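Coordinate analysis (summary)
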Amino acid sequence: MNGANVNPSSLPAGTGCPVPAARPIEIRHERGQQQVFCGLAGIVWLHRKIQDAFFLVVGSRTCAHLMQSAAGVMIFAEPRFGTAIIEDRDLAGLADANAELDRVVNRLLERRPDIRMLFLVGSCPSEVIKLDLDRAAERLSERHAPQVRVVSYTGSGLETAFTQGEDSCLEALVPLLPNASSTEASLLIVGTLADVVEDQFRRQFAALGIKDVAFFPPRRSTELPAVGPNTRFLLAQPYLRDTARALEKRGATHLPAPFPLGAEGTGLWLQAAARAWNVGDETFTAATAGPRERAERALARCRPLLAGKRIFFFPDSQLEPPLARFLARELGMELIEVGTPFLQRAHLAAELELLPEGTQLVEGQDVEAQLDRCRAQKPDLVVCGLGLANPLEAEGITTKWSIELVFSPIHGFDQAGDLAELFVRPLDRRARLAGL
Ligand code: SF4
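Below is a summary of the structure that appears in this document.

Rules used in this analysis
- Residues numbered from 1 in each chain as written.
- Predicted model: local features only at pLDDT ≥ 70, side-chain atom pairs only at ≥ 80, totals over all residues.
- Heavy atoms only, no water.
- Helix = DSSP H or I, 4+ residues; strand = E, 2+ residues; numbered from the N terminus.
- Buried < 20%, exposed > 50% of the residue type's maximum accessible area, 1.4 Å probe, protein only.
- Contact = heavy atoms within 4.5 Å.
- Phe/Tyr/Trp six-rings, centres within 6.5 Å; stacked < 30°, edge-to-face > 60°.
- Near = heavy atom within 4 Å.
- Nonpolar A, V, L, I, M, F, W, Y, C, P; charged D, E, K, R; others polar.
- Pairing = 2+ DSSP bridges.
- Axes fitted to C-alpha atoms, helices over the stretch in contact; angles between N-to-C directions.
- Parallel < 35°, antiparallel > 145°, perpendicular 65-115°, else oblique.
- Left-handed = near helix turned anticlockwise from the far one by under 90°.
- Expected span 1.5 Å × (residues − 1).
- Arc of directions from axis to C-beta.

**Section: the environment of L40**
Its location among the elements puts L40 in the loop between β1 (26-30) and α1 (43-49). A residue is classified by how much of its surface remains accessible, and L40, at 2% relative accessible area, is buried. When the C-alpha positions of L40 and L388 are compared, they lie 20 Å apart, and in sequence the two are 348 residues distant. Discounting residues that sit within four places of it in the chain, L40 has contacts with V57, C63, L66, M67, V121, G122 and G155.

**Remarks on the packing of aromatic side chains**
This model, assessed by the stated rule, comprises 8 aromatic pairs. The interplanar angle of 50° and the centroid separation of 5.9 Å between the aromatic rings of F205 and W269 together place this pair among those described as tilted. Note that F205 is positioned in helix α8 (residues 195-207) and W269 in helix α10 (residues 262-276), a separation of 64 residues in sequence. Assessed through its relative accessible area of 0%, F205 is described here as buried. By way of ring pairs, the aromatic residues F37, W45, F162 and F407 are connected into one cluster.

**What to know about the site of the ligand**
Surrounding the ligand, one finds C38, L40, C63, L66, S123, C124, P125, S156 and G157. Those elements giving two or more residues to the shell around the ligand turn out to be α2 (61-71) and α5 (124-128). Among the residues forming the shell around the ligand, the class breakdown is 6 nonpolar, 3 polar and no charged.

**Comments concerning the sheet that holds β1**
On the basis of which strands lie adjacent, the open sheet formed by 6 strands has the order β1-β12-β11-β10-β13-β14 and parallel pairing. A strand with exactly one partner marks an edge of an open sheet, and here the two such strands are β1 and β14 (399-401). Averaged over neighbouring strand pairs, the angle between their axes works out to 20° when direction is ignored. In this fold helix α17 (residues 416-434) packs onto β10 (310-313), β13 (381-384) and β14, with an angle of close to 140° to the strand it touches most, β14.

**Observations concerning the pairing of strand β4 (residues 117-122)**
When you tally the buried positions in β4, you get 6 out of 6 residues, the bulk of the element. Neither face of β4 is left uncovered, since the one carrying M117, F119 and V121 and the one carrying L118, L120 and G122 both have all their residues buried. Across 6 bridges, the pairing between strand β2 (residues 53-59) and β4 is parallel. Bridged to V58 within β4 is G122. As defined by bridge partners, β4 adjoins strand β5 (residues 149-154) across 6 bridges and the pair is classed as parallel. Across the sheet, V121 pairs through a bridge with Y153, a residue of β5.

**Focus on the packing of helix α11 (residues 281-306) against α17**
Orientation of α11 relative to α17, taken along the N-to-C sense of each, is 15°, at an axis distance of 9 Å. By the angle between their axes, α11 is roughly parallel relative to α17. Regarding α11 and α17, the two cross each other, and that crossing is left-handed. Seen from α11, the contacting residues are A295, A298, L299, C302, L305 and L306; seen from α17, they are A416, G417, A420, E421, F423, V424 and L427. Tallied by class, residues from the contact of α11 with α17 come to 11 nonpolar, 1 polar and 1 charged.

**What to know about α8**
Between its terminal C-alpha atoms α8 stretches 19 Å, which fits the 18 Å expected from 13 residues at 1.5 Å a residue. Where α8 is concerned, the buried positions are V197, E198, Q200, F201, Q204 and F205. The buried residues of α8 all sit within an arc of 160° when viewed along its axis, so they share a single face. Across α8 from its buried face, at more than 90 degrees, point the exposed residues R203 and A206. Elements in contact with the buried residues of α8: α1, β6 (186-190), β7 (213-216), β8 (231-235), α10 and α11.

Just distances and angles here, no functional claims.
Right, here's the structure in full:
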């Protein structure tokens with residue numbers, strides 16, 4: 001562990017973290033044993049979003065088991081993901097792994113003519129044996145064009161942690177986005193959102209008078225949004241560093257903003273777009289007042305149950321800093337420690353400014369040291385992965401499974417109350433059980 005008190009305002013130029021000196025935030029960097037999913041887990045929500053795509057993991061039985069456990073009952077609903085298992089023969093070099101892969105892909109595409117985009121998803125084993133999936137994707141794309149496009153990205157635990165799998169997938173799609181031909185500015189919302197949330201945001205942008213709005217990833221692979229120098233993009237998720245860079249290389253401009261979690265976050269996120277489109281204050285207030293009031297009413301019901309409660313975040317999804325900001329500012333929770341696997345300082349600058357003074361942020365993980373700190377602090381609520389949740393519950397510590405925060409619709413005004421309730425529920429359950 002190498003802990004350090006860092007005043008973000010003293011970070012070297014280029015870190016993009018403009019927290020004022022008057023509000024120091026302690027950032028600790030930790031290295032050690034980690035307890036996080038690999039990037040393959042992203043397939044679980046990506047395959048639901050892009051409805052004509054199939055995700056073929058090129059990996060081992062371990063990868064197939066991970067997908068089965070992460071996807072739960074979804075595996076019984078003819079999902080659009082699977083694993084091409086690298087057998088001993090491939091590992092020993094006795095079989096031509098590329099020929100085997102071609103055979104698997106041909107069979108899959110014959111059986112599933114509805115597939116329009118096939119992702120070859122790299123894993124630890126495919127990387128260790130240096131199977132060139134980029135070349136395989138090119139080769140297979142040529143063979144199956146124009147019916148199917150084949151794209152590769154990595155979800156391996158060697159290179160990606162949990163939500164980074166989505167970043168890796170979207171980054172691989174950026175070169176396929178068509179060039180924007182319009183000279184008018186267009187807005188691109190980047191990051192997977194539940195369809196219901198996407199529809200709400202679309203209506204809100206229309207009410208602000210922003211008409212040319214597209215979402216990335218789209219619901220169908222045949223509807224990839226155009227990008228170019230007139231594209232402005234808002235990130236809907238905090239873990240999209242490489243995708244954002246790739247979009248910037250295509251000429252698009254990032255609109256910095258806090259993330260649309262809670263009433264405040266959503267308001268500021270929409271405002272970033274409104275400013276870029278020169279929407280007047282009156283129009284903005286009129287367009288957002290109704291949903292904002294609904295969100296604030298829903299949050300007011302949860303606040304008495306959460307205010308003053310002490311919360312500890314283990315690192316998992318990179319959503320931790322915006323969630324902590326929401327829980328502290330809108331629900332009055334006290335932040336003991338906010339762990340995050342990576343801190344994308346450039347994209348989180350607006351979030352860090354809003355975190356309460358003295359917030360303890362931890363980037364990376366040394367799980368044993370973190371568990372010791374957690375036990376010593378005796379928090380009211382711990383946000384952590386499934387591997388830690390039940391053992392901590394058995395020790396009498398109340399937990400919230402972090403994975404639910406990635407799978408549930410939590411963005412936007414209309415979901416603010418639901419998001420707060422995800423934190424109320426475990427505390428409520430603990431209180432009820434104590435009363436039995
Ligand atoms: S990609 Fe690596 S970490 Fe992920 S399940 Fe496969 S072997 Fe495990």
